[in-house]
Amino acid sequence: MADFDLDAYFARIGYGGPATPTLDTLTAIQALQVASIPFENLNPLLGLPVKLDLESLQAKLVGRRRGGYCFELNGLFKAALEAIGFRVTGLAARVRWMSPPDAPLSGRSHMLMQVDLADGPWLADAGFGAHLLDSPLKLRAGSDQSTPWANYRLTEADGAFTLAARVADVWRATYIFCLEPQLTADYETYSWFTATHPQSLFVSTLIAERLTETTRYNLVNTRLTERGRDGSAVERTLTTAAELGEVLEAVFNIEPPEPVEAVFAKLAAN
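Note that the coordinates shown come from a computational prediction; the quantities given were computed from them, not determined experimentally. (Residues numbered from 1 in each chain as written. Predicted model: local features only at pLDDT ≥ 70, side-chain atom pairs only at ≥ 80, totals over all residues. Heavy atoms only, no water.)

**A look at the pattern of salt bridges**
Throughout the structure, instances matching the rule amount to ten salt bridges. Salt-bridge contacts for E72 lead to K60; the nearest nitrogen and oxygen are separated by 2.7 Å. On the criterion of sequence distance, the pair formed by E72 in helix 5 (residues 70-84) and K60 in helix 4 (residues 54-62) is long-range, its members being twelve residues apart. As far as the burial class goes, E72 and K60 line up, both buried. A salt bridge links E255 to R65; its shortest N-O distance comes to 3.8 Å. You can see E255 sitting in the loop between helix 7 (241-250) and helix 8 (260-269) and its partner R65 sitting in the loop between helix 4 and helix 5, a full 190 residues away along the chain. (Salt bridge = Lys/Arg side-chain N within 4 Å of Asp/Glu carboxyl O. Helix = DSSP H or I, 4+ residues; strand = E, 2+ residues; numbered from the N terminus. Buried < 20%, exposed > 50% of the residue type's maximum accessible area, 1.4 Å probe, protein only.)

Dropping the structure here:
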């Protein structure tokens, strides 16, 4: 990983701790990345390419005020962890968020990681834009786990793990995954489908999310929601391109790849 600029990455997320492969480091970096580098899908929405090579990821997510979706965010996260010295295996999941329990399984469209530490494997994920995770989770089925932001549960059946999050006192499945290692070519295929298929949510709907220590910010098209850790929520609808631009700038620290008027017009046309 000599071509990964770890110092630049640390500066981007505001990390000043030791570069050692420990749980404390993993936990701190995941929390800082989801707070500093937002989930956003402006490239697929605007018909722009999504590049997953390391040089492109660093240029976009570290060198510019941009975010990305799971394959970009976790691709960068994985590279950073490997540069520190973590043992990381890339995995892939089938998203279940907002799907009825009896809905057919979808294709693999999400990247996550297994990180092996001295006490066993951990699930690391800095890119699930529907419900960003603020902390790694022990990759062990059968017990509930709490993070500063949420409660999670992992179950396992026939080699497949289901991650569920407790939302408003209801357990909601997020995604299903197996422990089969994924290749770069696998992610390129999944990402291309996700970024280009006409029925993909990411080509028709603007989604942005950022999770700080105090607030979860969600933007879906023109609806901005700010949720506190106490369960409080404030929503508002953005009615002009100027308002959208202000939110992208001030809330998500995003500089759009095209004028914000073009982004707003794309939303109005859908």
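**Points about the side chain of T147**
Note that T147 resides in the loop between strand 6 (144-146) and strand 7 (151-157). Within polar-contact distance, the side chain of T147 engages the side chain of D134 at 2.7 Å. Here T147 is in contact with D134, S135, L137 and Y152, once residues within four sequence places are set aside. (Polar contact = N/O pair within 3.5 Å; in protein donor to acceptor, adjacent residues only side chain to side chain. Contact = heavy atoms within 4.5 Å.)

**Considerations on the sheet that holds strand 1 (residues 39-40)**
Read across the open sheet, the five strands follow the order 1-10-11-12-13; overall the sheet is antiparallel. A strand with exactly one partner marks an edge of an open sheet, and here the two such strands are strand 1 and strand 13 (233-237). Relative to strand 11 (residues 215-220), strand 10 (residues 207-211) is paired through five bridges, and the arrangement is antiparallel. Following the sheet pairing, L211 is matched in strand 11 by R216. (Pairing = 2+ DSSP bridges.)

**Quick word on the packing of helix 1 (residues 6-13) against helix 2 (residues 23-36)**
Where helix 1 meets helix 2, the closest approach of the two axes is 8 Å, and the angle between their N-to-C directions is 65°. The angle between helix 1 and helix 2 places the two elements in the roughly perpendicular class. Residue-level inspection shows Y9, F10, R12 and I13 of helix 1 in contact with helix 2, the latter providing I29, L32, Q33 and S36. Residue composition of the contact of helix 1 with helix 2, by class: five nonpolar, two polar and one charged. (Axes fitted to C-alpha atoms, helices over the stretch in contact; angles between N-to-C directions. Parallel < 35°, antiparallel > 145°, perpendicular 65-115°, else oblique. Nonpolar A, V, L, I, M, F, W, Y, C, P; charged D, E, K, R; others polar.)

**Considerations on the nonpolar core**
Of all hydrophobic cores here, the largest spans 45 residues; its most connected members are Y9, L26 and F77. Top contributing element to this core by residue count: helix 5, with nine residues. Aside from chain neighbours lying at most four places away, what touches F77 is Y9, L26, I29, Q30, Q33, M113, A124, D125 and A126. Counting 19 residues, the second largest nonpolar core, distinct from the first, contains A208, Y217, L244 and V260. (Core = buried A, V, L, I, M, F, W, Y, C linked by side-chain atoms within 4.5 Å.)

**Observations concerning the pairing of strand 7**
Looking along a regular strand, one sees the side chains alternate between the two faces of the sheet. Of the strand pairs in this sheet, strand 6 and strand 7 are connected by three bridges, and their pairing is antiparallel. Looking at the pairing, S146 lines up with N151 of strand 7. Where strand 6 folds back on strand 7, the antiparallel hairpin that results is connected by four residues. As paired elements, strand 7 and strand 8 (residues 160-167) share six bridges and run antiparallel to each other. Considered in strand 8, the bridge of T155 is made with T162.

**Considering the packing of helix 1 against helix 5**
In contact at an axis separation of 10 Å, helix 1 and helix 5 are set at 125° when each is read in the N-to-C sense. Relative to helix 5, the element helix 1 lies oblique. For helix 1 against helix 5, the interelement crossing comes out left-handed. Residues L6, Y9 and F10 of helix 1 form the contact with helix 5, whose own contacting residues are L76, F77, A80, A83 and I84. Class assignment for the residues of the contact of helix 1 with helix 5 results in eight nonpolar, no polar and no charged. (Left-handed = near helix turned anticlockwise from the far one by under 90°.)

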